[in-house]
Every structure is written in C-alpha cells, then in structure tokens.
Amino acid sequence: MDLDSKASDRPLDPRCLLTPEAGNSEGKTFQDTVGFPVAVVLPAAGCGERMGLSTPKQFCTFLNRPLISYTIETFERISWIRTIVVVVAKESYDQMLQVIHSFHHTKVKVVEGGTTRHRSIFNGLQAFHESTEGPSLIRPKVVIIHDAVRPFVEEDFLLKITLAAKEQGASGAIRPLVSTVIATTSEGYLDHSLERAKYRASEMPQGFLYDIIYQAYQRCSEFDFEFGTECLHLALQYSGTNAKLIEGPPTLWKVTYKRDLAAAESVIKEALSLSACLISGTIAETVALASHLQKNLAANSMTVDVYQSATGNNELLSKTRNFIQISASEESLLEISEMVKVLEEKNHALLYPVVIVWVVTFCGLKGIWKKENTDTAF
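Residues numbered from 1 in each chain as written. Predicted model: local features only at pLDDT ≥ 70, side-chain atom pairs only at ≥ 80, totals over all residues. Heavy atoms only, no water.

Chemist: What exactly am I supposed to notice about the pattern of salt bridges here?
Modeler: One pass over the full model with this rule turns up eight salt bridges. The salt bridge partner of Arg117 is Asp147, with a shortest N-O separation of 2.9 Å. With Arg117 in helix H4 (residues 117-126) and Asp147 in the loop between strand E7 (142-145) and helix H5 (155-168), this pair connects stretches of sequence that are 30 residues apart. Across the salt bridge formed by Arg150 and Glu203, the nearest N and O atoms sit 2.8 Å from each other. Here the residue Arg150 occupies a position in the loop between E7 and H5, and Glu203 occupies one in strand E11 (residues 200-209), the gap between them amounting to 53 residues. Residue Arg150 is classed as buried on the basis of its relative accessible area, which comes to 8%. Each of Arg117, Asp147, Arg150 and Glu203 takes part in one network of salt bridges that share partners. (Salt bridge = Lys/Arg side-chain N within 4 Å of Asp/Glu carboxyl O. Helix = DSSP H or I, 4+ residues; strand = E, 2+ residues; numbered from the N terminus. Buried < 20%, exposed > 50% of the residue type's maximum accessible area, 1.4 Å probe, protein only.)

Chemist: Explain the nonpolar core to me, please; I cannot follow it from the model alone.
Modeler: Taken as a class, soluble globular proteins show a tendency for nonpolar side chains to be buried jointly. Membership of the largest hydrophobic core comes to 82 residues, with the highest contact counts inside it found for Val86, Met96 and Tyr217. When near neighbours in sequence (up to four residues on either side) are disregarded, Val86 contacts Leu42, Ala44, Ile68, Ile72, Met96, Val108, Lys109, Val110 and Val111. One finds Cys277, Ala310, Val342 and Leu343 within the second-largest nonpolar core, a separate group that totals nine residues. (Core = buried A, V, L, I, M, F, W, Y, C linked by side-chain atoms within 4.5 Å. Contact = heavy atoms within 4.5 Å.)

Chemist: Looking at this structure, how should I read the environment of Ser280?
Modeler: Position of Ser280 relative to the elements: it lies in the loop between strand E13 (275-279) and helix H10 (284-298). On a C-alpha basis, the gap between Ser280 and Ser291 in space is 8.4 Å, while along the polypeptide they are 11 residues apart.

Chemist: Got a minute to help me understand the sheet that holds strand E16 (residues 355-360) in this structure?
Modeler: The strands making up a sheet are joined through hydrogen bonds of the backbone, oriented either antiparallel or parallel. Spatially, four strands are ordered E14-E13-E15-E16 in an open sheet, and the strand pairing comes out parallel. Unpaired on one side and paired on the other, strand E14 (303-307) and E16 mark the two borders of the sheet. For this sheet, the mean inter-axis angle between neighbouring strands, taken without regard to orientation, is 20°. Alignment of E13 against E14, held across five bridges, turns out to be parallel. Opposite Ile279, over in E14, you have Tyr307 as the bridge partner. Packed on one face of the sheet, H10 meets E13, E14, strand E15 (322-327) and E16 and runs near 145° to E15. (Pairing = 2+ DSSP bridges. Axes fitted to C-alpha atoms, helices over the stretch in contact; angles between N-to-C directions.)

Here is the structure:
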C-alpha cells in the first residue's frame, strides 16, 4: 500500500466542525475541485458492547442530540457529497428515521444492516443498485466509508481521501501506533513484538472508486464477510487495487467508551465557544464597551463580529450561536425579544444550543431603576 505521511499533525480547530470550508487560499472552492458524484456509507448497525450501555453508542445523546446526528451533519454540510447511506440494525430502523426527521437531515438514505460489519457495508453499497424497495440512488464515482461513531473529520481531509481514491482506486486514513503490538503464545507468554515504526493504525475514513469496492464485496468469501474488518484489504485481495494511505489528524478517533462521549461533548462545546456576535447599539458608551470587549475576547482566540443592530439581519443571526447585546436602556429588551423570535422561527437551536447575554451599562441600570421606581409611585 502506498503511504503518504505528509498530512499535518496539527490540533483541530474546532470551528471547522460547525462551519463548512469555503475553499483553498487561491479562492478555488472544494465544489470546483470535485467534479464527480461522491457518496458516503456509514455502517451503524453495531450494538456497542464496549460502551457498556443498553443503548447502541451511535444513538447515545449529548447536548440533546444522538451521536450519529453529529456524524451525519459532518458530511451533510459538505456541498460536493450528494448522498449519505446509513446502515442500521433492523430493530433501529424506525429510530434512525426519527433522528433524520427530528434534526432535518436531508441527504440520508437508511438501509438495514447485516449480521457483521462487512455484510452491513455491502448492504449500504447495494443501495446504489436497483432494488425491490424502490429506485436506486445515483451511483457515485467515489464512495467514502466511515464509522458512524467518528463525528470529527475535516472537509479538507475528506477531499484528500476522495481525490486519492479517484486517482488510485482506493485510499485510507492512517495514524501512528501509540502502543507496541505484541504476539502471544497460546499459553499466554510473549512470542514476539512488532517494530512499531514500520506499522500504522488503519483509521476511517476510507475512499474507493465505487465499482472497485462493489466488485470486491461481490467476490469476497464467506469468511471475509463473517470475520473481516478491513475494507482496504478486500479491495487489494479481490480487485487488485493497492490503496493510497494518508496520515490523518489526531481527531479521527472513535467513540468507543463512555468517557469518549464526554470527550466528544467537550469538543463540541469548545467549538461553540470560539465565536460570538456582539451587538453594540449606536450610543457612544456602548460602542466603546463593545470595542473593548471584542479586543479582550480576541485575545482569548475568540472570533467576535460587532454589529450595531441585529434587527432585520437574519443572515447575521444564522452565523453564530452566541450573542452579546450591550444596552444603555431597557429598550434593547425589545430587540432581544425580536431576536429570540427570529431564532425560534428559524429553529436555530435545533442542532446546537443558543446563548444570549444581555449586558446593561451602569448608566442604563440607573435609568431602568429610576423608571421602575417612578412607575411604582403611580
């Protein structure tokens, strides 16, 4: 397998999880780069035994959403991905349909999985062929196979996987091994260890020319279906396609244990906390305070856009989920009420929580206190 280890090992900027990438530094969009149909297959039929919960991990919730919804959103927000096939266990079929309906996912097709991972993936691939259940989906040039419980993958890395798959026939993400791999004897003693520098951990996502991976699944053995776990191996063994391996970022981790759910929630919260909309009003005092607050937040790596008013600016309201309204009187409460109304109408809090902070200057508080006391006197 061809190895490409040039991928950056930089930490993830969480903002990329919430905002689609616009394109590269030369102004060329990713949509322009991908001029062919791309689809995704998400196997999600597992029971999540290692999680130790009665609910399969892909349906475990944090921030009021199931994990699989975050993964779907990762792909759905990418314009050049046309279709997402989610493969679930028969008993989870209706639950998955409910998730799609509740969180307004629009690119998703749900199919029933098989008894093993490879059987489920094959079922997902077959959704692009004619079936008795209805018309088939548009057959993609490249199909990306990804785990439903790996919600954090960046668009630029998906682009690398996709283009490499188109060029080479198959591609896959890898990561350096963290621990040394050893082999044991049947009696439980050390047999030998592997030289860690020579090996890599196979990760997701993996990309394939659709015809190559479909052919591999048509040709593979019952043993492969029952015990195999590596799609790249099937492409090599049954289609003669040697995959291009691309070292991915450290965020390609898989939610496996209970603690991973807490870690995933933490990543989302960090992403949400890195941007805000600051509404300054037009009074000199509040404008000056807004400028000072913007500088302080920027010093803490927070992106803050300042506007005089949010009224009538629906595009502004859709850009972030944190709002800071600075006021010198109680009249701004009307503007906040209007903002809340617009956010509710747009269902803006459906995918992520919305925070509104109302800051009233000292002079504004004195005015409100004086008005309240005057009203009481009457």
